[in-house]
Amino acid sequence: MLSNRYNYVAPARVKVLVVPINHPTPAEFDGFVATLRAGSEIRLLDITPMSQLKYFNPQSFPSGKLLYEISTSVPDNESIFLHDFEPSRKTFIVLGVGKYSPDVDTDGEKFNSQLKKLYPSTIVQNTIMFDTPDDIIKVLNPSNNHSMKSCFYFNSTKQNLTLMETIMCEVSRNFLFHLDEYATSYQNITLRSPVSITNSQLLAKTINKAQKRLSSGGTGSLKVSFNNNGTVTGQMDAKNKTQVRNNGRQSKLMASFYLLAGKYVDALNNFTDALLYLRKSDDSVWLASALEGVGVVIILLNHISVPYQLPNAVLATVLSLSKGKIRDMSIDNVARRVSNDSLSRVPSNSNSPNGHAITSPRPDLGLVAVPELIKRITIKVDSFFQNSTDDFENTVPDIVYIESLLRQINFMVAVFNRGIDVNHEFYTGLVNGTIKPNGHRTNPWFTAADILHEVDKIFSLQLVDLNLVDQCRIYCSIASTYNELGMYRKKAFMLRTLLVEITESAPGNGATGSEQVKEIIELLFFDYGIDLNDQESKTNSGSQWRSIQLQLLKIAIHIFESLGDHRYLVKLYNLALTKYLHCLPPDDQLRLKQKLEDLKVSNPDLPLPYWDPFLVRSVKFIPNSNKNELVPFPKDSLPKSSGNEDAHAPFIFNPFEKSTAQTFSNEKLLIKDELYQLKVTLQNPFSFELEVSDISVSSADDFPLETVRMALGPANEGLFNGRPKLNGLNSPVPSRSLTQSKFSVNNPKSRNEKALADSKSASAPGLNTFDTNGTTSYNSTTSHVVSLIVPANSFEVFTFPFKALKSGEVCLDGLHISIGKCDSSKFYIVKDVKYDISNKIKPIKDKKPKDSEDSSSSKATSEQITRSVLNLNVIEPQPTLSLVDLSVTNGWLMLLEGEKYKFSIRLENSSKEIINYLSFSFWDSTIQMWTSRLSNSVVGNQLSALEIYELEWLLIKLKSFKILNKREISEKYNTIKPNQEIRINYEVTGKKNMTESKIILEYANKKADNPKNSFLKSIEVPLNLTVIPSIELINCDILPLFSSTLNGFKSSSANEKEALKNLGDLKLFMKNIDGNKDISDYCLIILDLRNSWSEELSISINFMSGADQVFKINDTLRPRKAARYLIPTRRVGFKDLDFNKRIPSLRNKQYVKDYSISEAEDLEMRQSFWLRENFLSRISGKWSNSVRHGTISFRSIRLTNKMVNSLMYSRIKITHHILNEEDLSCVARSGVHLALQTEQFYIMRTVITNYSDQPISGILRHLPYPLINSSQNYSQIPHKDQLNIDKKILFNGLLQLKLPEVVEPNQSLTVDLSFTILERGEYEWGSLLDAVSDSIEAFKVTSRESVYVVAS
Amino acid sequence: MSSYYFTIIGTNDTPLYELEFASFKLGGSGASQVPGKSQFSNNVKEILPFVTHSSIDLIEDVQWNNNQFYLGKVDSFYGLSVNAFVTQGNIKFIICYDNGNGRYDENAIRQFFMETNELYVKELMDPFYSVNDALTSPDFDLRIKLLAKKYL
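Residues numbered from 1 in each chain as written. Chains lettered and ligands numbered in written order. Predicted model: local features only at pLDDT ≥ 70, side-chain atom pairs only at ≥ 80, totals over all residues.

Draft legend 1. Layout of the overall build of chain B. The number of helices and strands found in chain B is 3 helices and 5 strands. Within chain B, the proportion of its 152 residues that are buried is 42%. Within chain B, contacts between residues at least 6 apart in sequence are counted, and of these 54% link residues at least 24 apart. (Helix = DSSP H or I, 4+ residues; strand = E, 2+ residues; numbered from the N terminus. Buried ≥ 20, exposed ≤ 12 C-beta atoms within 10 Å, placed from the backbone. Contact = placed C-beta atoms within 7 Å.)

Structure below.
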């Protein structure tokens, strides 16, 4: 009970040493001691009166109490010299406690004599036998035997504590009896001051120093002038003084004995006497001690609630208190004391031996509050002790002074904790050391500063010179004082000092009590902000004084090294390496590592975690090089699951809605049971190399993953480059021999080389061989495992293979790594550590380190660290389709443009999985060209809709490949079973600009139950092509046919002997035209075709001229020759095609109106487009020779405006006829021209027919012109005069006239103009209509056919 | 020649700045010593942070009973004395010193603290400095040393 040692009433406690006898177990012994402690306070009333005693008959003061201090530690002999000065230091009683055994019963006395021999300084030796059966107790300890005994029997199981007290009373009786003898023996001894000879010089010095500080410290209350009182003593002569001093010392000693014996009133009287004598003889040390005794007595008298009378006169003098002062002190507190402390006011009638009865004028110290009184006493005690240093012989020993101070502090703290509430309960608590703070910390007597000042006094002395046990006790006591005051830093400092003291003075001493030390250390760790269990957080909420923490850690390490607690040592070493790395020089780091390894070597069972939680910095998945072959099924191909109501709901596109469908990343895809690689970055912040002895992957949800323990190597590129694809996954060329191929996986480089060389015996061929399943064949033998080394202060990247043993989603969150001799443990992938910087407010510390604080800080830790995970998707093994045969030699092919060629491929399912999904697609080199042009067009808006359509058509409609046996495949091959072959027949078409092409086959093992986890694999069959032009369309035009044209044609046809066959056909066609149809309803398409190939080619062109009319052309074109072909076709009317339809987009692009072109231009474009489409749909052409055949492409036709006009009817048709005025008959044609006579009257009849759906009105303009010279080139612009028709033609009417009526849709209007030609010549007569309509804006229509007139 | 150990403590008990030095005023015996080099023995050097740390307890006690920034001598441990100063932002300046020859000028320490506070405030205005960060500016260090030379 260390705390009791410096209890204020400690001088009144009788020291009892308890020793084990009869070999009890430690636990039993502890039990016995606890039982004894329960009865450590004995009232004198309970002790059998012993009237024969000279001093200590309990009868005379029945209310007194004997206080025992039960201790189990052997008394130290060093303080023997103090026993005379302070008898309470002496161990008076030794008690042997043990378990009863039958053979002991008679030997109780024997034990006692043994104890006496062992502890000769004790005055009482007794034994207590525990667990004695009741019947034996009755025999051995008859209740009617009242003689003094030394052997006691006790049954702890049945008997209650009262009997224990009875036994203790018996012991007390023995004690009082022997104490009486002991005290008597002191009667004629001259008492000397306790001065330890060795220390005296030092003591004097330190006290001197202390005094100096005291005076400079400026605590006014302490400046007590003792010297003023010296005048009284100065008058005495030396001899008398010695006598007086001796008397005083005797009285003081006796008083101390009385105190021990519980006779407090006697003690008080004796102390009073001592005070009187000692004060006279200037014996400061003894005086101080006596004064302290008075204080103790006062407390004890209050404790036992016995009224007492203080020796006011003597005390007042000694305390140098004036009357007024005492009155001040008492009056202040009267009100309080009435309620609290009425006892002390009861006048005592005790008889003082010196007759120092209270006289009325004396102020009553009894009226002063006890704490105030004690305070005064302690101040004086201090002062006396310090004064004693003046007297060399009678200097106070340090230990006495310090213990006195500690006792005072104990009292002050008690008062401080209780506040103003000083009552009987307080005294009891003070005596028992069970004062608990009640929260009221305001009291008029002591402040925290006062207490601290007392503590400071202790530090003014050299504690280092005291013996270790005392030092420890003192430090502990001070620490507990600080603790009481709530100064945890001070407390921590004290404990730290204590630990340093222990480690320095007692190295390698004792392996016991490591638990308690651990407790202290952990308390210190908490106070200094070291969190032993938290390795990860870099910032703690508490104090972060690294130098302090590191020093403390060093002490702790030192202590536990001597204690040999390896487990704890590992923790400490780890902590040092983890959190204080930046403070540790490389040497220390190496040493710590060495120590850890030594520990592990010496006891292999010791858990040795690795000290850096941030070891794994990043983990990357290295996708296989053929990663692209796995594609998740496109979403729309997946069957919709229970989406019935969704299907009916209208789809509303919300651009802000984030798609919840997880996008599939190819990168993180891996196939079950196949080897993949992980790239791991490990860090080594230490100044020593780290040896990674094992790595294995670890998933968050115990997903079965197998790490292939093979020669791990640093990531060098050679490891991957030299490595074929595992398992031959769908390699483009047939590679069935892959399973037999051997290849080196390990490409030993740099430091691995050495390691490998060491294990050269292990480098069997199997080391570098993969078996068919892709696993290494040597993973069974661990001797092949080559460890990796992370160099000091660096990062190192490693790769190692692993495979998944199950399909599903894996969340890789860390790695199991074992480093060097450390245990393998899981390291999470640490991404980042957040620092909490803005925390300016210090958290209020809890006194208990272990409770809430810890959990909250660890919670904060996990929040501070962000971990990353690697999500991987493991899928079932996928089927493999490989190409067996391609009928095209070497995959090279020459084609003519438009040529079709048939070939076939054979494929085999070379895997163990069934293929139940197969789709075909193609690629050729033109695609890219067209695509890039298309995408460019969007950017610059350079291409018209027409051109875009053409590009789209080339991209989408023009297929270069065709599967010929589709039906057969779908019927025959429902699934492709393992090792089954499939034949696919293709037809390839030669496309312009095509150089290479690919057949792409996508296949899969589609799972109906889990379509999301089905993946497409693809195989590509490349074909290299050379496409050579064959029949090309080099030019194209459209000629209109007029009603007159055929006439001229007919006439000339007779001469054309050398007519082409085509022309003949054309003529035939013309003839077949119904008579009621005008020839001008037709027009001619002119095509120029060229044979670019080096051989003769026969061509065949079919053209649907009308609904059922097919115009055919068959011809042979010689190499490098061109030929022109004419094709008649009906003109297209407005109603025949819907020109309002916009130009479609084959890519299903949104229609964007182009505002840069006008409405009319847009219409033109649409017309042009639809006419061309119409044309292309009607024409088809083929070419062939003996070996090759193909189609002719007419897509290069572009319709110009002129061509469109020729091909189409206009909306309004204007025709002219010239009539003779007399008979209104038509003037006959002669060839192209109409022959008219000059000076004859004719009528120009103009018929305007409205084919549009709008009524039309407008102005008709006749435009007759003389033809200058028909043979002349039109490009020559005629002179204005020449075009003048004045005096050439005479009109009867207006050349420009408003239409007399509105022309309704599908109605005709006839306008006549009579005229006569005056001058001979050739004339052209045309007309122009400025049409106005309600809905359509004004437009101009010219007559399609002008009238050519020859006037003669 | 007195030796000093000066520390600036942040609001959460973390040291922001530490400096060990000795008085520049020649104190008779110090002829052979390097001026400004602290004369603490190794033992003492070791406990200086601890003493400083433990004195925070007392400073936190005293600072509420005092309306001065300069708190004077707040603590002592064996031969070491501890004086302290609290800034408006609750940053503590603590100086530990051994007044071996008994010569210690309270006013000098007060002046030293006052000017250190000015320096500290200037440092605090640095937009790149936030409260409770370690004071690593070499200029600050130099100025503190100049102050130490001037006053102590």
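Draft legend 2. Representation of the overall build of chain A within the structure. Along its length, chain A carries 34 helices and 46 strands. In chain A, which comprises 1352 residues, the proportion classed as buried is 33%. Within chain A, counting contacts between residues at least 6 apart in sequence, those at least 24 apart form 79% of the total.

Draft legend 3. Structural detail: the sheet that holds strand E3 (residues 70-77) of chain B. Residue and element names in this part refer to chain B. Strand order across the open sheet formed by 5 strands is E2-E1-E5-E4-E3, with antiparallel pairing between neighbours. On the outer flanks of this sheet lie strand E2 (15-22) and E3, each paired with one strand and no other. Put simply, the sheet's adjacent strands are angled 20° from each other on average, direction ignored. Looking at chain direction, strand E1 (residues 3-9) and E2 are connected through 7 bridges and run antiparallel. Each residue of the ladder has a partner; that of Thr 7, found in E2, is Glu 18. Helix-sheet contacts for helix H1 (residues 42-62) involve E1, E3, strand E4 (80-86) and strand E5 (92-98), and the interaxial angle to E3 is about 130°. (Pairing = 2+ DSSP bridges. Axes fitted to C-alpha atoms, helices over the stretch in contact; angles between N-to-C directions.)

Draft legend 4. Layout of the environment of Ser1098(A). Residue and element names in this part refer to chain A. Looking at the secondary structure, you find Ser 1098 in strand E31 (residues 1097-1104). Distance in space between the C-alpha atoms of Ser 1098 and Trp 1183 is 5.5 Å, their sequence separation being 85 residues. Sequence-distant contacts of Ser 1098, defined by excluding residues within four places in its chain, comprise Thr 1116, Trp 1183, Ser 1184 and Asn 1185.

Draft legend 5. A look at the packing of helix H20 (residues 546-563) of chain A against helix H21 (residues 566-579) of chain A. Residues and elements named next belong to chain A. Contact geometry for H20 and H21: axes closest at 9 Å, N-to-C directions at 155°. With respect to H21, the element H20 is oriented roughly antiparallel. Here H20 and H21 pass one another in a crossing that is left-handed. Packed against H20, whose contacting residues are Leu 553, Ala 556, Ile 557, Phe 560 and Glu 561, the element H21 presents Tyr 568, Leu 569, Leu 572, Tyr 573, Leu 575 and Ala 576 at the interface. (Parallel < 35°, antiparallel > 145°, perpendicular 65-115°, else oblique. Left-handed = near helix turned anticlockwise from the far one by under 90°.)

Draft legend 6. Quick look at the nonpolar core. Residue and element names in this part refer to chain A. By size, the foremost hydrophobic cluster in this structure holds 251 residues, and its most contacted members are Leu 179, Leu 275, Ala 290, Leu 291 and Val 297. In contact with Leu 291, other than residues within four places in its own chain, are Leu 275, Val 318, Ile 377, Lys 380, Val 381 and Phe 384. Leu 895, Leu 896, Cys 1083 and Leu 1097 belong to the second-largest nonpolar core, a separate cluster that totals 32 residues. (Core = buried A, V, L, I, M, F, W, Y, C linked by C-beta atoms within 7 Å.)

Draft legend 7. Broad picture of the sheet that holds strand E35 (residues 1189-1192) of chain A. All names here are of chain A. Here we have 4 strands laid out as an open sheet, ordered E32-E31-E34-E35, and antiparallel in their pairing. Of all strands in the sheet, those with a lone pairing partner are strand E32 (1110-1117) and E35, marking the two edges. Here the average twist between neighbouring strands, direction ignored, is 20°. In the sheet, E31 pairs with strand E34 (residues 1179-1184) via 6 bridges, with the strands oriented antiparallel. Within E34, the position partnered with Phe 1103 by the bridge is Ile 1179.

Draft legend 8. Quick look at the interface of chain B and chain A. Listed as interface residues are 20 residues of chain B and, on the opposing side, 20 residues of chain A. Of all elements in the fold, only H1 and E3 of chain B reach the threshold of two or more residues within the side of chain B that touches chain A. The element that contributes the greatest number of residues to the side of chain B that touches chain A is H1(B), accounting for 9 residues. Residue classes in the side of chain B that touches chain A are distributed as 8 nonpolar, 8 polar and 4 charged. (Nonpolar A, V, L, I, M, F, W, Y, C, P; charged D, E, K, R; others polar.)

Draft legend 9. View of the packing of helix H10 (residues 284-303) of chain A against helix H13 (residues 370-387) of chain A. Residues and elements named next belong to chain A. Two elements in contact, H10 and H13, have axes separated by 8 Å at closest approach and are oriented at 165°. Between H10 and H13, the crossing angle belongs to the class labelled roughly antiparallel. For the element pair H10 and H13, the recorded crossing hand is left-handed. Note on element contacts: H13 touches H10 through Val 370, Leu 373, Ile 374, Ile 377, Lys 380, Val 381, Phe 384, Phe 385 and Asn 387, opposite Ser 284, Val 285, Leu 287, Ala 288, Leu 291, Glu 292, Val 294, Gly 295, Ile 298 and Asn 302. Grouping the constituent residues of the contact of H10 with H13 by class yields 13 nonpolar, 4 polar and 2 charged.

Draft legend 10. Representation of the pairing of strand E4 (residues 91-99) of chain A. Residue and element names in this part refer to chain A. In terms of residue burial, E4 counts as a mostly covered element, since 8 of its 9 residues are buried. Bridge analysis of E4 against strand E5 (residues 124-130) gives 7 bridges, and the strand direction is parallel. Directly across from Lys 99, in E5, lies its bridge partner Phe 130.

Draft legend 11. Main features of unusual backbone geometry. The phi dihedral of Asn993(A) falls on the positive side, at around 70°, and the residue is not glycine. With respect to the secondary-structure elements, Asn993(A) resides in the loop between strand E26 (981-989) and strand E27 (996-1004). Given 12 C-beta atoms within a 10 Å radius, Asn993(A) is considered exposed. Of note in this structure, Asn132(B) is not a glycine but carries a positive phi near 75°. Relative to the helices and strands, Asn132(B) resides in the loop between helix H2 (106-125) and helix H3 (138-151). A tally of 19 C-beta atoms within 10 Å means that Asn132(B) is categorised as partly exposed.

Draft legend 12. Up close: the pairing of E5(A). Residues and elements named next belong to chain A. Burial analysis of E5 places 7 of its 7 residues in the buried class, the great majority of the element. Side chains Val 124, Asn 126, Ile 128 and Phe 130 of E5 all project onto a buried face; the interleaved residues Gln 125, Thr 127 and Met 129 project onto the opposite face, where all are buried too. The pairing of E5 with strand E6 (residues 151-154) spans 4 bridges and is parallel. In the strand pairing of E6, Phe 130 is matched with Phe 154.

Draft legend 13. Region of the structure containing the environment of Ala479(A). All names here are of chain A. Within the fold, Ala 479 resides in helix H17 (residues 468-485). Distance from Ala 479 to Lys 491, taken between C-alpha atoms, is 4.5 Å for residues 12 residues apart in sequence. Leave out the neighbours within four places in its chain, and Ala 479 touches Lys 491, Met 494 and Leu 495.

Draft legend 14. Representation of the confidence of the model for chain A. Residues and elements named next belong to chain A. Across chain A, the average pLDDT comes to 73, with 73% of residues at 70 or higher. Summarising per-element confidence for chain A, the mean pLDDT is lowest in helix H24 (residues 718-721) (36) and highest in E34 (88). Contacts of residues 331-361 to residues separated by more than four positions or lying in other chains number 42 contacts, the stretch itself having pLDDT below 50. A low-confidence stretch, residues 1051-1059 (pLDDT under 50), is modelled with 3 contacts involving residues beyond four sequence positions or located in other chains. (pLDDT = per-residue confidence, 0-100.)

Draft legend 15. Representation of the environment of Val464(A) within the structure. If you trace the backbone, Val464(A) turns up in the loop between helix H16 (448-459) and H17. Taking C-alpha positions, Val464(A) is 8.4 Å from Glu501(A), a pair spaced 37 residues apart along the chain.

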